[in-house]
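# Tertiary structure, described
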Amino acid sequence: MTADRGSREGPLGYARLMSAETFTPHTPEGRDALTALLAHPERAVVALDFDGTLAPIVPDPDQARAHPGAAPALARLAPRLAAAAIITGRPAGVAVRYGGFAGVPGLEHLVVLGHYGAERWDARTGEVHAPAEPPGVTAVRAELPGFLDTIGSWHGTWIEDKGGRSVAVHTRRTDDPDAAFEALRAPLGELAARHGLVVEPGRYVLELRPPGVDKGVALAAYLREVGAGSVLYAGDDLGDLAAYAAVAELREKGLPGLLVASAGTDESPKELLAQADLTVPGPAGVVALLDHLADALE
Ligand SMILES: O=P(O)(O)OC[C@H]1O[C@H](O[C@H]2O[C@H](CO)[C@@H](O)[C@H](O)[C@H]2O)[C@H](O)[C@@H](O)[C@@H]1O
């Protein structure tokens, strides 16, 4: 795997290079969904992952920020839609901050579903709603450093505190991120299970979090809430597969759905690429797609 190059492409990135054909889905289901979105944008929902989809991947998660064109493109598009949402593994407030989504004209109705849907930020109120902190996370967090030492943790392994709702172990900055990821996967799975948690694997990250909610559950509930007539979902990682599955299931029931993969590096999960109706090159490509849709609807 190599690092995402999206951030090195400049603010306009690939957008300048992209033609309308670039945004034509290669599947009939995807083309039908794009047609439905453009015919009735007022019934469409655009839902987007954050890291790797709107924000270029960087070695330090605290330094991740949305592509500079992300909030402006979303702000152009969102007023034409039934709804726009970010669905992320990040705490909702962190995604809002790193995305620069608060107080942006055009994003007055944006919703950010954080922690895979366990938290919700509404631009309308500026507040985050979350259930009580799940049991198990505090105990795991306390045990984790000693646990990693015991199993011979890799130099560069980094623990991310995620606001008491989950804890993540990153391997991107180790000497061998792939080997570290594989070596930690089973032991962290056992640690998580002992505390009633599950492991959510991602791009060089293993997150220990409560079971019961995922991006698919969150997306399906949100689409029901707004009475969506079509949906576009864009993601880049394993955690997005649940949202992909939810869209596939809704398609079976007649809701047009367009699955977009933010890809372009060999980090992209094969399962995601295989199911996508349209693949764009990283966050710059996603921003270009949002701008392209906004152009088409103006
Ligand atoms: O659901 P997402 O918005 O995609 O969040 C998933 C995880 O993203 C973050 O990690 C990823 O991005 C980092 C910054 O670019 C990168 O260093 C790391 O390797 C990636 O896995 C975040 O740190 C995690 O907490 C999220 O769960």
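Predicted, not measured: the structure shown is a model, and the values here were computed from it. (Residues numbered from 1 in each chain as written. Predicted model: local features only at pLDDT ≥ 70, side-chain atom pairs only at ≥ 80, totals over all residues. Heavy atoms only, no water.)

### With respect to the site of the ligand
- Taken together, 21 residues surround the ligand, and among them Asp49, Val58, Thr88, Arg203 and Lys215 come closest.
- Within the backbone of Gly89, a nitrogen or oxygen atom sits 2.8 Å from an oxygen atom of the ligand.
- In the complex, 97% of the free accessible area of the ligand, which totals 570 Å², lies under the protein chains.
- Taken together, the residues of the shell around the ligand break down into nine nonpolar, three polar and nine charged.
- The residue makeup of the shell around the ligand includes at least three contributed by each of domain 1 (3-130 + 213-297) and domain 2 (135-209). (Near = heavy atom within 4 Å. Polar contact = N/O pair within 3.5 Å; in protein donor to acceptor, adjacent residues only side chain to side chain. Areas by Shrake-Rupley, 256 points an atom, 1.4 Å probe, with all protein chains shown as cover. Nonpolar A, V, L, I, M, F, W, Y, C, P; charged D, E, K, R; others polar. Domains from an automatic or database assignment.)

### A closer look at the pairing of strand β7 (residues 167-170)
- Alternating residues of β7 divide into Val167 and Val169 and Ala168 and His170, and every residue in both groups is buried.
- Direction of pairing for strand β6 (residues 158-161) relative to β7: antiparallel, over a ladder of four bridges. Bridging across to β7, Ile159 finds its partner in Val169.
- Between the antiparallel neighbours β6 and β7 lie five residues, among them Gly163 with a positive phi of about 65 degrees.
- As paired strands, β7 and strand β9 (residues 205-209) are joined by four bridges and run antiparallel to one another. Opposite Val167, over in β9, you have Leu208 as the bridge partner. (Buried < 20%, exposed > 50% of the residue type's maximum accessible area, 1.4 Å probe, protein only. Helix = DSSP H or I, 4+ residues; strand = E, 2+ residues; numbered from the N terminus. Pairing = 2+ DSSP bridges.)

### Remarks on the sheet that holds β6
- Pairing is antiparallel across the open sheet formed by four strands, whose spatial order is β6-β7-β9-β8. Looking at the sheet topology across the chains shown, the edges are occupied by β6 and β8 (198-202). Along the sheet, successive strands turn relative to each other by an average axial angle of 25 degrees, direction set aside.
- Sheet topology places β8 next to β9; five bridges connect them, and they run antiparallel. When the sheet's bridge partners are listed, Glu200 is paired in β9 with Glu207.
- Its contacts with the sheet place helix α4 (residues 137-150) against β6, β7 and β9, and it is angled at close to 25 degrees to β7. (Axes fitted to C-alpha atoms, helices over the stretch in contact; angles between N-to-C directions. Contact = heavy atoms within 4.5 Å.)

### As for the sheet that holds strand β3 (residues 111-114)
- Read across the open sheet, the eight strands follow the order β5-β4-β3-β2-β1-β10-β11-β12; overall the sheet is mixed. Across the chains shown, the open sheet's two edge strands, defined by having one partner strand only, are β5 (127-129) and β12 (278-281). Direction aside, the axes of adjacent strands within the sheet are offset by 20 degrees on average.
- Relative to strand β10 (residues 230-235), strand β1 (residues 44-48) runs parallel, the two sharing five bridges. By the bridge assignment, Val46 is partnered in β10 with Leu232.

### Brief notes about the domain arrangement of the protein chain
- For the protein chain, the assigned domains are domain 1 (3-130 + 213-297) and domain 2 (135-209).
- Placing the centre of domain 1 and that of domain 2 at their C-alpha centroids yields a distance of 27 Å.
- Facing 24 residues of domain 1, the contacting portion of domain 2 comprises 15 residues.
- Between domain 1 and domain 2 lies a buried interface of about 1,500 Å² when both sides are counted; carbon and sulfur atoms form 50% of it.
- Area buried by domain 1 at its contact with domain 2 is led by His115, Tyr116 and Glu267, which between them contribute 30% of it.
- Remark: the boundary between domain 1 and domain 2 carries five salt bridges.
- Linking domain 1 to domain 2 there are 10 residue pairs in polar contact (both at pLDDT 80 or more). (Buried area = accessible area lost by both parts, 1.4 Å probe. Salt bridge = Lys/Arg side-chain N within 4 Å of Asp/Glu carboxyl O.)

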